[in-house]
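This is what each chain is made of:
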Amino acid sequence: MAAAAPGGAAGLCRLLLPLLAAVTAAGGSRGATGGMLYPRESPSRELKELGGVWSFRADFSPGRAAGFEQRWYRRPLRETGPVIDMPVPASFNDITQDPNLENYIGWVWYEKEVLLPQRWLQDDLRVVLRFGSAHYYSVVWVNGVQVVEHEGGHLPFEADISSIVQGSPQIPCRITVALNNTLTPHTLPPGSIEYMNDRTRYPKNYFVQNIRFDFFNYAGIHRPVVLYTTPSVYIDDITVTTTSSESVAKVQYQVSVVGSTLYSLSLSLRDQEGRVVATGDGPAGELKVPNPNLWWPYLMHENPGYRYFLEVKMQAQANEALLEDIYTLPVGIRTVHVTSTQFLINGKPFYFHGVNKHEDADIRGKGLDWALIVKDFNLLRWLGANSFRTSHYPYAEEIMDLCDAYGIVVIDECPGVGIKMPESFGNKSLQHHLVVMEELIRRDKNRPSVVMWSVANEPASELSPAAYYFKTLIAHTKALDPTRPVTFVSDTNYAVDRGAPYVDVICVNSYFSWYHDPGHLEVIPLQLTAQFENWYKTYQKPIIQSEYGADSVPGLHSDPPLMFSEEYQKAMLREYHSVFDKKRKEYVIGELIWNFADFMTNQGTTRVLGNKKGIFTRQRQPKSAAFVLRERYWKIANESSCLPPIMKSHILFL
């Protein structure tokens, strides 16, 4: 990705200086501390959404450092120079007609002024500013006071701003955000800056942001920004795990409270009709649920995605007053277990027939869009897909909520994509990767839809440092969450993959007759069969075909099938499916098509307005392959004895 020159190598250092100084001052990557409960309104909590139009300014100065040097956060952004309107949530890249902003690398600034209700300014209330995500490195000020820094583009962060807003009750709350999208060998995902020094071919100080992943590096405030309140003594975190038998389920819980040691806790677990089915008290314990409704995946049960609701009520003494905080957490009761040949949910074999996705759409880039989210879930269920992987980063919490509610099974992947350079396997990168997994598990640990963690996609796992890197990373992930299996997605040869010994499930990406032997569909049966047999013989672990597919330009037809035609995409799928059908009787436990929908990438000679491997267009219109996959997925679902009669009649209709 090309960028305007910020004054040579020294300029690049200035571009990154605030980021590097911040990390150095903090002692490097820090572990996730405290809870990160999704903000929900309750009798004790209020919520104010800050989405809409914000003021925006990209720092085009030499070195991209003018905003810090001139302290733009000290006064309204509009007083520092020209600003434009920018929607939040959204990526900034595609909003304007300015090509310099489309491919901008460096610091951009956002700002919004907010009036707070008078009742929020009481001493016994906390006011918290929360970002669902911002890409990539964020520094946030409120009324000119720095309140939080965060590294990483796909996970939430927040700050208690009570002392600032309660100390200045008569002025608007001015929220300023500086955001840097530069990727280095030690960020996640990694990248590198390359200077083009040939003055006969490039302008002075010309540089590009190199990346080793095949999707556009959209940037901006991508997910909701909210202000919410809690009492000064509050429920900070809740952790839930579940076990079950035929007649009773057990819900183990831990609750942390911050602000006082003098408090009491009472818990009520309600079913979907609002009936209390179990009660408890204290910060840790176990609830027993007789005759439970288990959380089942879509198409595996007539009532998929069943959730109970755990109401946690805290009462505490503070400043001679009685404070109360109430938080309700959705809970799904389900178990996950992996054998050498099967993936079991609630003790029954589960076969992943699903998709890989991207948070990607016209204009808004990676910005959260409710209409698009609901459309995608409708398409997933129309398709008969029961699962997806969050390729290649954690998706929005709002998406994950619907997975829980609809019974869509999730392989939850961190942003560990493009880890190709040897320097990205060093201690600095590893420490940051460990923190990212801490943040991801803290966010999604209670979700029944999340059945497995993925710590990376297509790393250079054949490199020598990869063995220690993935051994450490996977062990850390398992220590954080012993209840779920862990994987990473490999495109490395089975014989030299140094990370595979440490995973619970083998996930393999392969593109036979596309990137390998392009145009030769006839090689797929032999090569795919050998792939499965070699991996299983070596590791004796169940296997998911985590990516496969072909580009197709919608409306381009060829018979006999030629590459990029809709017919070729269909033919490739059918060749893969014939092998899947043989091997899923043995140890293959899933197939995830690449990709659900076309998506934007960097420009290149093999990319015509993005990656065209979607079975739907970027505008969510089906290609011919979508109907092939729909027929297959519903047929697989029909083979399950758990499928309710109404679903089986739908198969007959198809």
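Residues numbered from 1 in each chain as written. Predicted model: local features only at pLDDT ≥ 70, side-chain atom pairs only at ≥ 80, totals over all residues. Heavy atoms only, no water.

If you check an unreviewed UniProt entry, the protein chain appears there as Beta-glucuronidase from Anser cygnoides. The UniProt entry for the protein chain carries the following comment under Subcellular location (unreviewed entry): "Lysosome". Under Function (unreviewed entry), UniProt gives the following word-for-word description of the protein chain: "Plays an important role in the degradation of dermatan and keratan sulfates." (UniProt positions renumbered as here; feature names shortened; annotations may be inferred.)

### Observations regarding the overall build of the protein chain
A tally of helices and strands in the protein chain yields 12 helices and 33 strands. Its C-alpha atoms give the protein chain principal-axis dimensions of about 75 × 70 × 45 Å. Put simply, the protein chain has 654 residues, and 59% of those count as buried. In the protein chain, the proportion of contacts linking residues at least 24 apart, taken out of those at least 6 apart, comes to 73%. Accessible area for the protein chain stands at about 25,500 Å²; split by element, carbon and sulfur atoms hold 52% of it. The distance from the centre of the 63 positive side-chain charges to the centre of the 69 negative ones in the protein chain is 2 Å. (Helix = DSSP H or I, 4+ residues; strand = E, 2+ residues; numbered from the N terminus. Buried < 20%, exposed > 50% of the residue type's maximum accessible area, 1.4 Å probe, protein only. Contact = heavy atoms within 4.5 Å. Areas by Shrake-Rupley, 256 points an atom, 1.4 Å probe, with all protein chains shown as cover. Lys, Arg positive; Asp, Glu negative; His and termini not counted. Charge placed at Lys NZ, Arg CZ, Asp CG, Glu CD.)

### Examining the packing of aromatic side chains
The full count for this structure, using the stated rule, is 42 aromatic pairs. Measuring from ring centre to ring centre gives 5.0 Å for Phe 56 and Tyr 110, while their planes differ by 80°; the resulting arrangement is edge-to-face. Placement of the pair is Phe 56 in strand β3 (residues 52–58) and Tyr 110 in strand β5 (residues 107–114), with a sequence separation of 54 residues. Per residue, the accessibility class of Phe 56 equals that of Tyr 110, and both read buried. (Phe/Tyr/Trp six-rings, centres within 6.5 Å; stacked < 30°, edge-to-face > 60°.)

### Some details on the pairing of strand β9 (residues 145–151)
Judged from the 6 bridges that link them, strand β8 (residues 137–142) and β9 form a sheet pairing that is antiparallel. Considered in β9, the bridge of Val 139 is made with Glu 149. Count of turn residues in the β8/β9 antiparallel hairpin: 2 residues, of which Asn 143 carries a positive phi of about 50°. (Pairing = 2+ DSSP bridges.)

### Examining helix α10 (residues 566–583)
Between the first and last C-alpha of α10 there are 26 Å, a value that for 18 residues agrees with the 26 Å anticipated at 1.5 Å per step. Looking at α10, one finds that the buried residues are Glu 566, Glu 567, Tyr 568, Gln 569, Ala 571, Met 572, Leu 573, Tyr 576, His 577, Val 579, Phe 580 and Lys 583. (Expected span 1.5 Å × (residues − 1).)

### Some points on the UniProt feature "domain: Glycoside hydrolase family 2 catalytic" (unreviewed entry) in the protein chain
Feature annotation in UniProt places "domain: Glycoside hydrolase family 2 catalytic" (unreviewed entry) on residues 336–637, given in this structure's numbering. Note that residues 336–637 is 35% helix and 16% strand, and that its end C-alpha atoms are spaced 19 Å apart.

### Looking at the sheet that holds β5
Ordered by their spatial adjacency, 6 strands build an open sheet running β4-β3-β5-β11-β8-β9, and the pairing between neighbours is antiparallel. Of all strands in the sheet, those bounded by a partner on one side alone are β4 (84–88) and β9. With direction set aside, neighbouring strand axes in the sheet form an average angle of 30°. With 6 bridges connecting them, β8 and strand β11 (residues 173–180) associate as antiparallel partners. (Axes fitted to C-alpha atoms, helices over the stretch in contact; angles between N-to-C directions.)

### Description of the confidence of the model for the protein chain
Chain-level statistics for the protein chain give a pLDDT mean of 93 and a share of 93% at 70 or above. Taken as a whole, residues 17–29 scores under 50 in pLDDT and shows 12 contacts with residues more than four places along the chain or in a different chain. (pLDDT = per-residue confidence, 0-100.)

### Some remarks on the nonpolar core
Counting 101 residues, the largest nonpolar core has Trp 109, Phe 377, Phe 388 and Phe 470 as its most contacted members. Grouped together as the second largest cluster of nonpolar side chains are 48 residues, Tyr 38, Ile 235, Val 255 and Ile 333 included. (Core = buried A, V, L, I, M, F, W, Y, C linked by side-chain atoms within 4.5 Å.)

### Here's the deal with the packing of helix α5 (residues 370–383) against helix α6 (residues 397–406)
Between α5 and α6, whose axes approach to 11 Å, the crossing angle comes to 30°. Crossing handedness for the pair α5 and α6: right-handed. Across the interface between the two elements, Trp 370, Ile 373, Phe 377 and Arg 381 of α5 pack against Glu 398, Ile 399, Leu 402, Cys 403 and Tyr 406 of α6. Each residue belonging to the contact of α5 with α6 can be placed in one class, and the counts come to 7 nonpolar, no polar and 2 charged. (Left-handed = near helix turned anticlockwise from the far one by under 90°. Nonpolar A, V, L, I, M, F, W, Y, C, P; charged D, E, K, R; others polar.)

### Things to note about helix α8 (residues 466–480)
Relative to the 21 Å expected for 15 residues at 1.5 Å per residue, α8 spans 21 Å between its end C-alpha atoms, a close match to the ideal helical length. Of the residues making up α8, those classed as buried are Ala 466, Tyr 469, Phe 470, Leu 473, Ile 474 and Thr 477. All buried residues of α8 lie within an arc of 110° about the axis, which places them on one face of the element. Exposed positions of α8 whose direction lies more than 90 degrees from the buried face are Tyr 468 and Ala 479. (Arc of directions from axis to C-beta.)

### Quick look at the side chain of Arg 447
Mapped onto the fold, Arg 447 is located in the loop between α7 (427–444) and β29 (450–457). According to the relative accessible area criterion, Arg 447 is buried, its value standing at 7%. Every residue in contact with Arg 447, bar those within four places of it in the chain, is listed here: Arg 334, Glu 397, Met 400, Asp 401, Asp 404 and Arg 484.

### Brief notes about a nonpolar patch on the surface
Taken together, the side chains of Val 553, Leu 556 and Phe 564 make up a nonpolar region of the molecular surface, amounting to roughly 220 Å² of accessible area. Residue placement: Leu 556 occurs in the loop between β32 (543–547) and α10. Given a relative accessible area of 39%, Leu 556 falls into the partly exposed group. (Patch = residues over 30% accessible without salt bridge, like charges linked within 9 Å, V, L, I, M, F, W, Y side chains within 5 Å. Salt bridge = Lys/Arg side-chain N within 4 Å of Asp/Glu carboxyl O.)

### Topic: the side chain of Thr 487
Within the fold, Thr 487 resides in strand β30 (residues 486–490). Apart from the residues within four sequence positions on either side, Thr 487 is in contact with Met 452, Trp 453, Ser 454, Val 455, Val 503, Val 505 and Cys 507.

### Describing the pattern of salt bridges
One pass over the structure, following the stated rule, counts 35 salt bridges. Ionic pairing is found between Arg 40 and Asp 401, a salt bridge with its closest N-O pair at 4.0 Å. A residue pair is termed long-range when its members are at least 10 positions apart, and Arg 40 in the loop between α1 (8–25) and β2 (47–49) and Asp 401 in helix α6 qualify at 361 residues. Given a relative accessible area of 16%, Asp 401 falls into the buried group. Notably, a salt bridge pairs Arg 130 with Glu 397, separated by 2.9 Å at the nearest N-O pair. Of the two residues, Arg 130 sits in strand β6 (residues 125–131) while Glu 397 sits in helix α6, which places them 267 residues apart along the sequence. Several salt bridges converge on common partners, so that one network encompasses Arg 40, Asp 401, Asp 404, Arg 443, Asp 444 and Arg 447.

### Comments concerning the environment of Arg 389
Tracing the sequence through the fold places Arg 389 in strand β27 (residues 387–389). Between the C-alpha atom of Arg 389 and that of Ser 454, which follows or precedes it by 65 residues, the distance is 8.7 Å. Looking at Arg 389, its side chain comes within polar contact range of the side chain of Asn 457, at 2.9 Å. (Polar contact = N/O pair within 3.5 Å; in protein donor to acceptor, adjacent residues only side chain to side chain.)

### Describing the sheet that holds strand β28 (residues 409–413)
Here we have 8 strands rolled up into a closed barrel, ordered β26-β27-β28-β29-β30-β31-β32-β33, and parallel in their pairing. Taken pair by pair, the neighbouring strands of this sheet meet at an average axis angle of 25°, ignoring direction. The pairing of strand β26 (residues 352–356) with β27 spans 2 bridges and is classified as parallel. Each residue of the ladder has a partner; that of Asn 356, found in β27, is Arg 389. Sheet contacts for helix α11 (residues 624–638): β26 and β33 (588–593); angle to β33, the most-contacted strand, approximately 155°.

### Concerning unusual backbone geometry
A cis amide bond, omega 5°, links Val 88 with the succeeding residue Pro 89. With respect to the secondary-structure elements, Pro 89 resides in the loop between β4 and α3 (99–102). The linkage connecting Leu 188 with the following residue, Pro 189, adopts the cis geometry, with an omega of 5°. Within the secondary structure, Pro 189 sits in the loop between β11 and β12 (191–195).

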